[in-house]
Amino acid sequence: MASSSLSTKPFLGASRIHSFSRLPSDLRPSLHISFRTSTPKKLQIQAAGSTHGNYFRVTTFGESHGGGVGCIIDGCPPRLPLSEADMQVDLDRRRPGQSRITTPRKETDTCRILSGVSEGMTTGTPIAVLVPNTDQRGHDYSEMSIAYRPSHADATYDMKYGVRAVQGGGRSSARETIGRVAAGAVAKKILKSLAGTEIFAYVSQVHKVVLPEDLVDPYTLTLDQIESNIVRCPDPEYAEKMIAAIDAVRVRGDSIGGVVTCIVRRCPRGLGSPVFDKLEAELAKAAMSLPATKGFEFGSGFAGTTLCGSEHNDEFFTDENGRIRTRTNRSGGIQGGISNGEVINMRVAFKPTATISRKQQTVTREKKEIELIARGRHDPCVVPRAVPMVEAMVALVLADQLMSQYAQCNLFPINPDLQEPFSLPRFEPAHVPF
C-alpha cells in the first residue's frame, strides 16, 4: 500500500523533532507525521504604568518618603533653550506648605537637570530631572503600616503587589506628580515656542462654592489673575468664599473636594486621531491619571445632554482673516476627536482628600476591624495645588499629539487650502460664546 506523508512547517523555534520513522519498519504506520514542539519563550511585560506618551515620552519615578522624585523626558526636540528655572516656576506653584490651606509639609522642591541639556540647550537625548525629598516624617505613618486608610490606595496596593511603601503613601502620594509638572513645563515651552499655545487652569469649584462660568473670559484670562490668591480662583469674591470653605473643614480635621477648569488657547488644528486616540480621550486619560480625580468633562459636557441638536451644534463661518471658525464652542475646541482651533476647555473633578485626622472605621492587614485616626500632613482640599498638575498633563498630551501630527500629516508639504502650518502667525481668537 502506498504510504502518504503529512508534515507541518516548523514553528516557534523548537528544537526537538518527533517522527514515527524511528519505529521498526514492520511497525511503521502508513501516515508519516513530523512536527516540532514549542520551547517556552521569555515573557516581557512593558506596561508598568509609569510612562506617558509615544513621541514625547515621560517616565516619573520616586516615592513620597524616598530619596527624591523626578522624571525622565525622552523625545524632547534638540536646540530648545531650557534651564531649571523654566521648570521651577510651575514646581513652586505645586509645592507643599505654600499657604494655610495646603499641607504644612515644608519642601523647596528645587529641581536639578542631570542630563539632556548642554550649555542651556536641549541635546535631543533623555532629560533627567531630580527633586530631592528633604522633610520626611516616617514616624507619622506607624499606624498606617498595619491599618488601611479608608478610600486611600493602601489596600489596593497590597492587593496588587503584596507589599507597599507605607511612609507617605509611597508611589500613590501626590508627590509623584512633581515629575509630571517638571516635564509639563518643558511641553508648555515647546507648544508656546512653536504655535503660541497657552494653557491655563484654575479652581472653579470648592465643595458647594461654584464659580459661574460667565465670570471668567477664556480669551483674556491671565496667569496673574489665577495666582492672585491662595486658592487659584480668578474671581476675588468667589476666591474668598472658597478659602472660607476650606478653612471651615481644615480646623475640624476634615477635607473637601472641588473642580479645576482648564482652557487651551491657540491650539494647532488637527491634533488627535479618529477612533481610539481621540484628543478628548487622551486628555481624559491624562487628567484622570492624577491622584484624587473622579470626573472629567469637556465642552458642553453632561449639560449638553439637555439640548437639542439644533441648540447644540456649532455653526461654521469664515472670519475676517479667511479662517473657518465656529460661532459657538459647545464642542469645546474638539470635533471628531480632532482639534479645530477654537479654545479647548475641560473640567476635572477631585474628591475630598482621603487622609483626614478624624476617627474612622477600617481594618488591619490581619483583617481585624479597628478605629483609625490618621496622622501626617495632608491638604484639606487638593484643588489649589492640582492646578499646575492639570496644566502639566494637558501640555504633555498636546506636545505628544503635536509630534504625532507632524510625523504623519506634516512630513510632506501640506494642503494649504485646508491645512495650516504649526508656525502660522497666530491671530488673536475672536470671542466665541461657549
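Everything that follows concerns the structure shown earlier in this document.
First, a word on scope: everything that follows refers to the structure included in this document. Keep in mind it's a predicted model, so treat the numbers as computed, not measured. Positions within a chain are numbered from 1, following the residues in the order the chain's sequence is written. Local features in this predicted model are restricted to residues of pLDDT 70 or higher, and side-chain atom pairs are both shown and tallied only at a pLDDT of 80 or more, whereas totals for entire chains, interfaces and linings draw on every residue. Hydrogens and water are ignored here; the side-chain numbers use all heavy atoms of the structure.

## Quick look at the packing of helix α1 (residues 84-94) against helix α3 (residues 177-195)
Lines fitted to C-alpha atoms define the axes here, with helix axes fitted over just the stretch in contact, and angles between the N-to-C directions of these axes take values from 0 to 180 degrees. Elements are defined by DSSP. Helices are runs of H or I of four residues or more, strands are runs of E of two residues or more, and each kind is numbered from the N terminus. At their nearest, the axes of α1 and α3 sit 8 Å apart, and the two run at 135° to each other. Comparing their axes, α3 and α1 come out oblique. Crossing of α1 over α3 shows right-handed handedness. Where α1 approaches α3, its residues D86, M87, D90, L91, R93 and R94 are matched on the opposing element by T177, I178, V181, A182, A185, V186, K188 and K189. Charged means Asp, Glu, Lys or Arg here, nonpolar means Ala, Val, Leu, Ile, Met, Phe, Trp, Tyr, Cys or Pro, and polar covers whatever is left, Gly included. Its residues assigned to classes, the contact of α1 with α3 comprises 7 nonpolar, 1 polar and 6 charged. Small angles under 35 degrees read as roughly parallel and large ones over 145 as roughly antiparallel, with 65 to 115 read as roughly perpendicular and the rest as oblique. By convention the crossing between two helices is left-handed if the near helix lies anticlockwise of the far one by an angle smaller than a right angle, and right-handed if it lies clockwise. The contact criterion used throughout is that any non-hydrogen atoms of two residues lie within 4.5 Å.

## Regarding empty space enclosed by the protein
Grid spacing is 1 Å over the protein atoms alone, the probe is 1.4 Å, and a cavity is where that probe fits but cannot get out, while a pocket is an open set with protein on both sides within 12 Å along at least five of seven lines and lining residues have an atom within 4 Å of a point. Grid points are joined across faces, edges and corners, and a volume is the space filled by probe spheres set on the points. Applying the stated criterion across every chain, the model contains 2 cavities of 30 Å³ or more. In terms of lining residues, the second largest cavity is bounded by A153, D154, Y157, R164, A165, G169 and S172. Looking at the lining of the second largest cavity residue by residue, the class counts come to 3 nonpolar, 2 polar and 2 charged.

## Structural notes on α1
Three or more residues of α1 are buried, namely M87, Q88, D90, L91, R93 and R94. At its buried positions, α1 is contacted by β7 (112-115), β10 (127-132), α3, α4 (223-226) and α8 (383-409). Relative accessibility thresholds used throughout: buried, under 20% of the residue-type maximum; exposed, over 50%; partly exposed, between the two (1.4 Å probe, protein chains only).

## Re unusual backbone geometry
Look at R79: it is not a glycine, yet its phi comes out positive at around 70°. Position of R79 among the secondary structure elements: in the loop between β6 (68-74) and α1. Classification of R79 by relative accessible area gives exposed; the value is 63%.

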